[in-house]
Amino acid sequence: MSPVVIFALLALGYGYKFELDDCSDKKSFTPNVEAGNFTLSDLPYSYDFLEPVITIQINSIHHQKHHAKYVSKLDAYLTTATKYSDSTLVDLQEAAGTDATLQKFAGGHYNHNLFWWVMTHSSCSRSPQGDLLGAIEKQWGSLSGFKTAFTTAASGIFGSGWAWLTVKADKELAIVTTPNQQNPLMGLSGDVSYPILGLDVWEHAYYLKYMWDKDTYFTSWLELIDWEVVDYFYVVYARAGNAVPA
Ligand code: MN3
């Protein structure tokens, strides 16, 4: 392509250029109050908002195809499992401990909801603050110590799964991994705890950009955590012994 053509494309706004003002384009957290029947919510930002770490292609396929399928499979199951007709999505995580179908589809829906909320554009990501920062420093020495431990845990997942920052019953923080679409609320990989941050380690979450290089996905992803939201989840819900109503 000639320099003239490239300049013309740039002048026309081709390519995504992020401005700091755009941070306010992310919607504020709203609790999920649905029960018995669930819908795929819009993402709290546009599909290109997480570029270049998460591409528009990955984000749109992930949401419109993968996440959407968990929701439709969950709703199909709930038409037969009528005992859950008044259950919220958090109730279903608790019930999933003894229900393998809920582990897949209620887990898949909840995990993705939480995943979308805890991300923002890397320019809008600020460090954790206050009590959460203190709790991280207590457990891992520093934020960078946490990031190393989190990446190591994520790298240790064999096959598909999730890495979580979670709050235990004793209020201490922990890093936990779960296989498939399970999560710490189900109590299948240790005691029940309350996740405030979740990283999707399924190939569909990164392969179109990172391919075999999972470690670059992990380290890049840590730079787009919306710590303001994670702080909020910690203080308002998890530290009080409640699941985030994602
Ligand atoms: Mn996924």
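Everything that follows concerns the structure shown earlier in this document.
Residues numbered from 1 in each chain as written. Predicted model: local features only at pLDDT ≥ 70, side-chain atom pairs only at ≥ 80, totals over all residues. Heavy atoms only, no water.

## Notes on the side chain of T166
Consideration 1: Of note, T166 is situated in strand β1 (residues 161–167).
Consideration 2: You can call T166 buried: its relative accessible area is 0%.
Consideration 3: Within the structure, the side chain of T166 is placed 3.1 Å from the backbone nitrogen of Y194, a separation counted as a polar contact.
Consideration 4: Setting aside residues no more than four positions away along its own chain, T166 makes contact with E172, L173, A174, V176, P184, S193, Y194, P195 and I196. (Helix = DSSP H or I, 4+ residues; strand = E, 2+ residues; numbered from the N terminus. Buried < 20%, exposed > 50% of the residue type's maximum accessible area, 1.4 Å probe, protein only. Polar contact = N/O pair within 3.5 Å; in protein donor to acceptor, adjacent residues only side chain to side chain. Contact = heavy atoms within 4.5 Å.)

## Description of the coordination of the manganese ion
Consideration 1: Listed as protein donors to the manganese ion are H62 (NE2), H112 (NE2), D200 (OD) and H204 (NE2); their distances from the metal cover 2.0 to 2.2 Å.
Consideration 2: All donors of the manganese ion belong to a single chain; written as a sequence motif, their spacing is H-x49-H-x87-D-x3-H. Note that H62 is positioned in helix α2 (residues 56–78) and H204 in the loop between β3 (194–200) and α7 (207–210), a separation of 142 residues in sequence.
Consideration 3: We classify H62 as buried; its relative accessible area is 2%.
Consideration 4: Classification of H204 by relative accessible area gives buried; the value is 18%. (Donors = N, O, S within 2.8 Å, 3.2 Å for Na, K, Ca; no water.)

## Side note on the pairing of strand β2 (residues 173–179)
Consideration 1: Across seven bridges, β1 lies against β2 in antiparallel orientation. Note on β2: the bridge partner recorded for G161 is P179.
Consideration 2: Between β1 and the antiparallel strand that follows it, β2, lie five residues; K171 among them carries a positive phi value of about 75 degrees. (Pairing = 2+ DSSP bridges.)

## Looking at the sheet that holds β2
Consideration 1: Overall, antiparallel pairing links the three strands, which are arranged β2-β1-β3 in an open sheet. Edge strands, defined here as strands with exactly one partner in the open sheet, are β2 and β3. When the angles between neighbouring strand axes are averaged without regard to direction, this sheet yields 25 degrees.
Consideration 2: Where helix α4 (residues 100–117) meets the sheet, it contacts β1 and β3, and its direction lies at approximately 85 degrees from that of β3. (Axes fitted to C-alpha atoms, helices over the stretch in contact; angles between N-to-C directions.)

## Focus: the state of the cysteines
Consideration 1: Counted under the stated rule, the structure contains one disulfide.
Consideration 2: Sulfur-sulfur distance for the disulfide between C23 and C124 comes to 2.1 Å. When the S-S torsion is -90 degrees, as for the bridge of C23 with C124, the disulfide is left-handed. Here C23 is found in the loop between α1 (3–11) and α2, whereas its partner C124 is found in the loop between α4 and α5 (130–140), with 101 residues between them in sequence.
Consideration 3: Here C23 falls in the partly exposed class, since its relative accessible area comes to 23%.
Consideration 4: Among the residues examined, C124 registers a relative accessible area of 18% and is labelled buried. (Disulfide = S-S within 2.5 Å.)

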